[in-house]
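# Coordinates in review
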Amino acid sequence: MRARIGRLWRLGCSGFYCHVVCAVFISRGCRPALLSMASGSPPSQPSPASGSAYVPGSVSAAFVTCPNEKVAKEIARAVVEKRLAACVNLIPQITSIYEWKGKIEEDSEVLMMIKTQSSLVPALTDFVRSVHPYEVAEVIALPVEQGNSPYLHWVRQVTESVSDSSTALP
């Protein structure tokens, strides 16, 4: 384990959030080479044939915790079907420790990693809140500054019709 973490340091991974995400991926058996996006180096693949460059921050990764896999799968399928997200990864068996109503709680949960357009985060949040069983659902989103350009363009393409209709004039 120490050797794997050492390789992450050599990749240039910095910041608390990056270390948490890297630790989750390593604990799931992912190779450190797959985490090179965390180093802040520019994407190595060219933009799609359309020639349009990726606009940093136009795609976001949203994170939602769920009490179990059944709930996570139901929400994941719904947000993809509604085109509020292009892709949802489910990361099982995370442990959350938090304060709730004056008590320290510890629960096993499933983490959803949702890729969507940043402009859709408010609609995604509203939908998750409407179907989530928690009194206060965790929905947080971080803008994606860079990554595999064809993938980021795909995220935008898959969710484009929702984005267009949400910004269309009546």
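To keep things clear, this report deals only with the structure shown in the data block. (Residues numbered from 1 in each chain as written. Predicted model: local features only at pLDDT ≥ 70, side-chain atom pairs only at ≥ 80, totals over all residues. Heavy atoms only, no water.)

### So, the packing of helix 3 (residues 69–81) against helix 4 (residues 121–131)
When two helices pack together, you describe them by how their axes are tilted relative to each other and by the distance separating the axes. Between helix 3 and helix 4, the least distance of the axes is 11 Å, while the angle of their chain directions is 145°. As for the relative orientation of helix 3 and helix 4, their crossing is right-handed in sense. Residue-level contacts link Ile-75, Ala-78 and Val-79 of helix 3 to Leu-124, Phe-127, Val-128 and Val-131 of helix 4. Of the residues belonging to the contact of helix 3 with helix 4, the class tally is seven nonpolar, no polar and no charged. (Axes fitted to C-alpha atoms, helices over the stretch in contact; angles between N-to-C directions. Helix = DSSP H or I, 4+ residues; strand = E, 2+ residues; numbered from the N terminus. Left-handed = near helix turned anticlockwise from the far one by under 90°. Contact = heavy atoms within 4.5 Å. Nonpolar A, V, L, I, M, F, W, Y, C, P; charged D, E, K, R; others polar.)

### Observations concerning the sheet that holds strand 2 (residues 87–100)
Strand order in the open sheet formed by four strands is 2-3-1-4, with antiparallel pairing between adjacent strands. Each edge of the sheet is formed by a strand with only one pairing partner; in this case those strands are strand 2 and strand 4 (139–144). Averaged over all neighbouring strand pairs, the angle between strand axes comes to 30°, with direction disregarded. The strands touched by helix 3 within the sheet are strand 1 (59–66), strand 2 and strand 3 (103–117), with strand 2 carrying the most contacts at an inclination of about 130°. Strands in contact with helix 4 are strand 1, strand 3 and strand 4; relative to strand 3, the strand with the most contacts, it is inclined by about 135°. (Pairing = 2+ DSSP bridges.)

### Some thoughts on the side chain of Glu-109
Here Glu-109 is to be found in strand 3. Side-chain polar atoms of Glu-109 contact the side chain of Ser-96, separated by 2.4 Å. In this view, Glu-109 contacts Thr-65, Cys-66, Pro-67, Ile-91, Pro-92, Gln-93, Ile-94, Ser-96 and Tyr-134; residues no more than four positions away in its chain are not counted. (Polar contact = N/O pair within 3.5 Å; in protein donor to acceptor, adjacent residues only side chain to side chain.)

### A few points about the nonpolar core
The biggest cluster of nonpolar side chains holds 20 residues, and the ones touching the most others in it are Val-79, Met-112 and Ile-114. Listing elements by their share of this core, those giving two or more residues are strand 1, helix 3, strand 3 and helix 4. With six residues, the top contributor of residues to this core is helix 3. In contact with Val-79, other than residues within four places in its own chain, are Leu-84, Ala-85, Val-88, Leu-124 and Phe-127. (Core = buried A, V, L, I, M, F, W, Y, C linked by side-chain atoms within 4.5 Å. Buried < 20%, exposed > 50% of the residue type's maximum accessible area, 1.4 Å probe, protein only.)

### Some points on the side chain of Lys-115
When you line up the elements, Lys-115 lands in strand 3. Here Lys-115 occupies a buried position and makes no salt bridge, while the nearest side chain of opposite charge, Glu-138, is found at 15 Å. In this structure, Lys-115 is in contact with Ser-60, Ala-85, Ala-86, Cys-87, Asn-89, Tyr-151 and Val-155, ignoring residues within four places of it in sequence. (Lys, Arg positive; Asp, Glu negative; His and termini not counted. Salt bridge = Lys/Arg side-chain N within 4 Å of Asp/Glu carboxyl O.)

### Considerations on a nonpolar patch on the surface
A cluster of nonpolar side chains, Tyr-98, Trp-100 and Val-136, forms an exposed patch at the surface whose accessible area comes to about 270 Å². Its place among the elements puts Tyr-98 in strand 2. What makes Tyr-98 partly exposed here is its relative accessible area of 30%. (Patch = residues over 30% accessible without salt bridge, like charges linked within 9 Å, V, L, I, M, F, W, Y side chains within 5 Å. Areas by Shrake-Rupley, 256 points an atom, 1.4 Å probe, with all protein chains shown as cover.)

Purely geometric numbers; function is a separate question.
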